[in-house]
Amino acid sequence: MPTSKARTTKTKSSASTRQSRAQATKNKAQSSARSKGKTQAENGASEGNTQLDKLFTDTLKDIYWAEKQLLKALPKMQKNATTDELKSAIEEHITQTEEQVTRLEQVFEICGKKAQGKKCAAMEGLIEEGNEIVEETEKGSMTRDAGIIMAAQKVEHYEIATYGCLVTFAKTLGMDEAVELLEQTLEEEKETDEKLTMIAEGNINQSAGQEEEEEESDEEESESEEEETEESEEEMEKKEK
Ligand code: FE
Ligand code: FE
Ligand code: FE
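For clarity, every value in this text was computed on a predicted model and none was experimentally measured. (Residues numbered from 1 in each chain as written. Chains lettered and ligands numbered in written order. Predicted model: local features only at pLDDT ≥ 70, side-chain atom pairs only at ≥ 80, totals over all residues. Heavy atoms only, no water.)

S.K.: What should I look at first to understand the confidence of the model for the protein chain in this one?
M.R.: The predicted coordinates of low-pLDDT regions are not to be read in fine detail. With 68% of its residues at a pLDDT of 70 or more, the protein chain shows a mean pLDDT of 81. Low pLDDT (under 50) marks residues 1-18, which in the prediction has five contacts with non-local residues, meaning those over four places away or in another chain. Across residues 29-46, confidence stays below pLDDT 50; counting only partners more than four residues off in sequence or on other chains, it has 27 contacts. (pLDDT = per-residue confidence, 0-100. Contact = heavy atoms within 4.5 Å.)

Written as structure tokens, this is what we have:
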């Protein structure tokens, strides 16, 4: 029996850098698009004129815009993060996001459509929320990291929902190649979400819980009302005891 070349080449060096992986994804996507060049119709799927086709394409445009915005927002989040652990997790996700953009371009190609973004109001809001958290937390604090993680997880959850639906739509439309690409991204978003949870629970949340609140004047604005509430809460606690 001849030796299987495929088996030996399968054991790839684990030392490959992130950059080369990103390039590999790009090359794979490009060559796959060129050699296969199949449109949805050629793949035996619907003709591309159904309402679901339109919803699929519109959602692709939405998440394409969102991923591109994230490529601008993530480096800022990384810069503002306190711990090296969070900084490197964000860095890794920036590389993944670049690959995800390439995969989306590949899916557009499979659909026979030009890669095009359409403003995603939700992602715009989520990014804005992330910026607010940075503004409202102290530089170099663990609380800021806890906040950045929360903002990032909100983004991941939006992405998980979107890619989850895109996978389901692509399956329904019989676009096997697109299903595979979108599933890869879906997995990365889920892994990122889990990793962020682990980082937060590692010690960031714990340390943030020990950081004293800065003295802020805007808290005193509604002082009388708040004092009343605090008093009655204390009283209730005493009664419970
Ligand atoms: Fe993404
Ligand atoms: Fe959206
Ligand atoms: Fe993501």
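Let's pick the thread back up.
S.K.: Whenever I open this one, the environment of L173 confuses me. Can you help?
M.R.: With respect to the helices and strands, the residue L173 is situated in the loop between α6 (142-172) and α7 (176-208). Note on L173: relative accessible area 5%, which makes it buried. Taking C-alpha positions, L173 is 9.2 Å from F56, a pair spaced 117 residues apart along the chain. (Helix = DSSP H or I, 4+ residues; strand = E, 2+ residues; numbered from the N terminus. Buried < 20%, exposed > 50% of the residue type's maximum accessible area, 1.4 Å probe, protein only.)

S.K.: Looking at this model, I keep getting lost on the nonpolar core. Mind explaining?
M.R.: Generally speaking, soluble globular proteins have nonpolar side chains that are buried together. Grouped together as the largest cluster of nonpolar side chains are 49 residues, with contacts concentrated most on F56, L60, V107, M123, M175 and L182. Of all the elements in the fold, those that place two or more residues in this core are α3 (51-80), α4 (84-110), α5 (121-136), α6 and α7. The element that contributes the greatest number of residues to this core is α6, accounting for 11 residues. Excluding its chain neighbours within four sequence positions, the residues that come into contact with V107 are F56, L60, A178, L181 and L182. (Core = buried A, V, L, I, M, F, W, Y, C linked by side-chain atoms within 4.5 Å.)

S.K.: What is the right way to look at the packing of aromatic side chains in this model?
M.R.: Any aromatic ring pair is given by two values, namely how distant the centres are and how the planes are angled relative to each other. The final tally for this structure, using the stated rule, is one aromatic pair. On the numbers, 5.5 Å between centres and 75 degrees between planes, the contact of Y64 with F108 is edge-to-face. One end of the pair, Y64, is in helix α3; the other, F108, is in helix α4, and 44 residues separate them in sequence. Residue F108 is classed as buried on the basis of its relative accessible area of 0%. (Phe/Tyr/Trp six-rings, centres within 6.5 Å; stacked < 30°, edge-to-face > 60°.)

S.K.: Help me out: how do you make sense of the packing of α6 against α7 in this one?
M.R.: Each pair of packed helices can be described by the angle between their axes along with the distance between the axes. Direction vectors running N to C along α6 and α7 enclose 160 degrees, while the axes themselves pass 8 Å from each other. As the angle between them shows, α6 and α7 are arranged roughly antiparallel. Between α6 and α7 lies a crossing of left-handed hand. Residue composition of the contact of α6 with α7, by class: 18 nonpolar, 10 polar and eight charged. (Axes fitted to C-alpha atoms, helices over the stretch in contact; angles between N-to-C directions. Parallel < 35°, antiparallel > 145°, perpendicular 65-115°, else oblique. Left-handed = near helix turned anticlockwise from the far one by under 90°. Nonpolar A, V, L, I, M, F, W, Y, C, P; charged D, E, K, R; others polar.)

S.K.: Is there a simple way to think about the coordination of the iron ion (ligand 2) in this case?
M.R.: Under perfect tetrahedral coordination by four donors, a metal shows angles of 109.5 degrees; under perfect octahedral coordination by six donors, it shows angles of 90 or 180 degrees. Note on the iron ion (ligand 2): its protein donors are D62 (OD), D62 (OD), C120 (SG) and Y158 (OH). The metal-donor distances range over 1.8 to 2.4 Å. Geometry at the iron ion (ligand 2) is irregular, judged from its four donor atoms and the angles of 56 to 146 degrees they form at the metal. (Donors = N, O, S within 2.8 Å, 3.2 Å for Na, K, Ca; no water. Tetrahedral: all angles 85-135°; square planar, octahedral: opposite > 155°, others 65-115°.)

S.K.: Can you help me understand the coordination of the iron ion (ligand 3) in this one?
M.R.: Distances from the iron ion (ligand 3) to its protein donors, H93 (NE2), E156 (OE), E156 (OE), E159 (OE) and E189 (OE), fall within 2.1 to 2.6 Å. On the primary sequence, the residues serving as donors to the iron ion (ligand 3) are separated as H-x62-E-x2-E-x29-E. Taken as a pair, the iron ion (ligand 3) and the iron ion (ligand 1) show a spacing of 3.1 Å, with E159 coordinating each metal. One end of the pair, E159, is in helix α6; the other, E189, is in helix α7, with 30 residues separating them in the sequence. Exposure remark for E159: the relative accessible area of 0% places this residue in the buried category. Overall, E189 belongs to the buried group, its relative accessible area being 0%.

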